[in-house]
Amino acid sequence: MSTKPSSPELRPNRYDALVVLVVLALAAALAVRPFLAARAPQSGALTVVVSADGQELDRLPLAQFGTHTYANNGYTLTVTAVGGAVSVMPMIYMLSTSLRPNGALYEFPPHFFPKLSEITLENYRYIFAQEKFYLNFINSVIVAVITIVLAAIIASALAYCLARFEFPGKKLLFALVIGMMIIPGTTLIIPQFQLASFFGITNSLAGLIPFYVAWVIPFSTFMIKSYIESIPREFDEAAYADGGSVFTVFFRIILPLASPAIASVSIFNFLTAWEEFTWAMTVINDNVKRTLPIAISGFFGQHQFTQWGYVFAMSVASLVPVLIMFILCQKYFVSGLQAGGLKG
């Protein structure tokens, strides 16, 4: 009498669970450690309690004060750390999948992380052997770099005029800038394509750059204008007193001082140009001239079924320029957003 083969038991993999717990613990530790180091009271430190008229009433250990504040911040940091760890899990899964063979992705029960014996660079070797990958990669770099440079120059000049000068129609112009921020560029895809066809820039990188610049200028202008308004006008007046012109003030004073805001918006502009898909797919038909997001989508269904290992390997490779951009501008990122967001 034949026995029915037992189906594989679906149970959590202890190796995966252990790695997930380690990642969560490290993320929580990294998030909480700077706060504790900065806020932890020193041993022996005292807090002086004074009355309204300035007379000293008592001296108590510093640790007795702000206990509820430490507790509240501890809860907040814990939730933030766990949420941050969960948010990076898709990226970790993408990296782990790119390091395993394509067939291993469909194994049962599924594993979140590959076994040490399964780790391979086969997917990366395949995509780096594709000549069109380098062409698409270079196309994306060219489009993104030119976009952030042109957007930084145009938005900085426009923000400088709106922040420092009074002229007829200034409020209307600023209202148009604000209004364009709420209109996604892809909603205007039909008139944009008509413009690109009229100027003969379809099926080329020139059909991407002008429209990407137009998309990011409103937000960039708003942020840079708010930052320029926080720069004292005495710097401008001192330059004018020394015989400087408007261009001298703009290039020698405003641009260097507003570099945090320009760097912070340049990160968003770079991401917009780097990861945009819909307009690039519409205006460019030649595979050699397409950008990296379209090249990644080409792996879906290319070999009768999606080669997820190739897709994730190319996705990881596409993240490298984004990480480099953020590392180079991270010291300006927070200060630029804070100053640009608080001033209006």
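Residues numbered from 1 in each chain as written. Predicted model: local features only at pLDDT ≥ 70, side-chain atom pairs only at ≥ 80, totals over all residues. Heavy atoms only, no water.

S.K.: So what about the overall build of the protein chain? Which residues, and what values?
M.R.: Along its length, the protein chain carries 13 helices and 2 strands. The buried share among the 344 residues of the protein chain stands at 34%. When contacts within the protein chain are restricted to residue pairs at least 6 apart in sequence, long-range pairs at least 24 apart make up 71% of them. Summed over its atoms, the accessible surface of the protein chain is roughly 20500 Å², and 68% of this surface lies on carbon and sulfur atoms. (Helix = DSSP H or I, 4+ residues; strand = E, 2+ residues; numbered from the N terminus. Buried < 20%, exposed > 50% of the residue type's maximum accessible area, 1.4 Å probe, protein only. Contact = heavy atoms within 4.5 Å. Areas by Shrake-Rupley, 256 points an atom, 1.4 Å probe, with all protein chains shown as cover.)

S.K.: Quick one: what's the story with the packing of helix H4 (residues 131-164) against helix H9 (residues 246-257), residue by residue and with numbers?
M.R.: For the pair H4 and H9, the least separation of the axes is 12 Å and the interaxial angle reads 105°. On the basis of their axis angle, the class for H4 and H9 is roughly perpendicular. Across the interface between the two elements, Ser-156, Ala-157, Tyr-160 and Arg-164 from H4 touch Val-246, Val-249, Phe-250, Ile-254 and Leu-255 from H9. Among the residues forming the contact of H4 with H9, the class breakdown is 7 nonpolar, 1 polar and 1 charged. (Axes fitted to C-alpha atoms, helices over the stretch in contact; angles between N-to-C directions. Parallel < 35°, antiparallel > 145°, perpendicular 65-115°, else oblique. Nonpolar A, V, L, I, M, F, W, Y, C, P; charged D, E, K, R; others polar.)

S.K.: Kindly report on the packing of aromatic side chains, identifying the contributing residues and their values.
M.R.: Counting across every chain of the model gives 16 aromatic pairs. Aromatic pair Phe-133 and Tyr-134: ring centres 5.6 Å apart, planes at 75°, arrangement edge-to-face. Ring geometry for Phe-133 versus Phe-137: centroids 6.0 Å apart, planes at 35°, classification tilted. Of this pair, Phe-133 and Phe-137 both sit in helix H4, 4 residues apart, which is roughly one turn of the helix. On the basis of relative accessibility, which here comes to 4%, the residue Phe-133 falls in the buried class. Accessibility expressed as a relative area gives 24% for Phe-137, which makes it partly exposed. Within the aromatic cluster, the residues linked to one another by ring pairs are Tyr-124, Phe-128, Phe-133, Tyr-134, Phe-137, Phe-270 and Trp-274. (Phe/Tyr/Trp six-rings, centres within 6.5 Å; stacked < 30°, edge-to-face > 60°.)

S.K.: Break down unusual backbone geometry for me, with residues and values.
M.R.: With phi around 60°, Asn-203 is a residue other than glycine that occupies positive phi space. Along the chain, Asn-203 turns up in the loop between helix H6 (189-199) and helix H7 (209-229).

S.K.: Account for the environment of Leu-319, naming residues and giving values.
M.R.: Along the polypeptide, Leu-319 turns up in helix H13 (residues 308-342). We classify Leu-319 as partly exposed; its relative accessible area is 27%. Put simply, Leu-319 and Glu-275 are 44 residues apart on the chain and 9.9 Å apart in space, counted from C-alpha to C-alpha. Among all residues touching Leu-319, those that are not within four sequence positions of it are Met-91 and Met-94.

S.K.: How would you explain the pattern of salt bridges if you had to name every residue and give the values?
M.R.: Applying the stated criterion across every chain, the model contains 3 salt bridges. Ionic pairing is found between Asp-236 and Arg-164, a salt bridge with its closest N-O pair at 2.6 Å. On the criterion of sequence distance, the pair formed by Asp-236 in helix H8 (residues 234-241) and Arg-164 in helix H4 is long-range, its members being 72 residues apart. In this structure, Asp-236 and Arg-164 share a single accessibility class: buried. Across the pair Lys-225 and Glu-229 runs a salt bridge whose closest N-O atoms are separated by 2.5 Å. Separated by 4 residues within a single helix, Lys-225 and Glu-229 lie in helix H7, roughly one turn from each other. (Salt bridge = Lys/Arg side-chain N within 4 Å of Asp/Glu carboxyl O.)

S.K.: Tell me about H9, residues and numbers included.
M.R.: Taking 1.5 Å per residue, 12 residues should reach 16 Å; H9 reaches 15 Å between its end C-alpha atoms and fits that length. Every buried residue of H9 is accounted for by Val-249, Phe-250, Ile-253 and Ile-254. End-on, the buried residues of H9 take up no more than an arc of 130°, which puts them together on one face. Opposite its buried face, H9 presents the exposed residues Phe-247 and Arg-252, each directed more than 90 degrees away. (Expected span 1.5 Å × (residues − 1). Arc of directions from axis to C-beta.)

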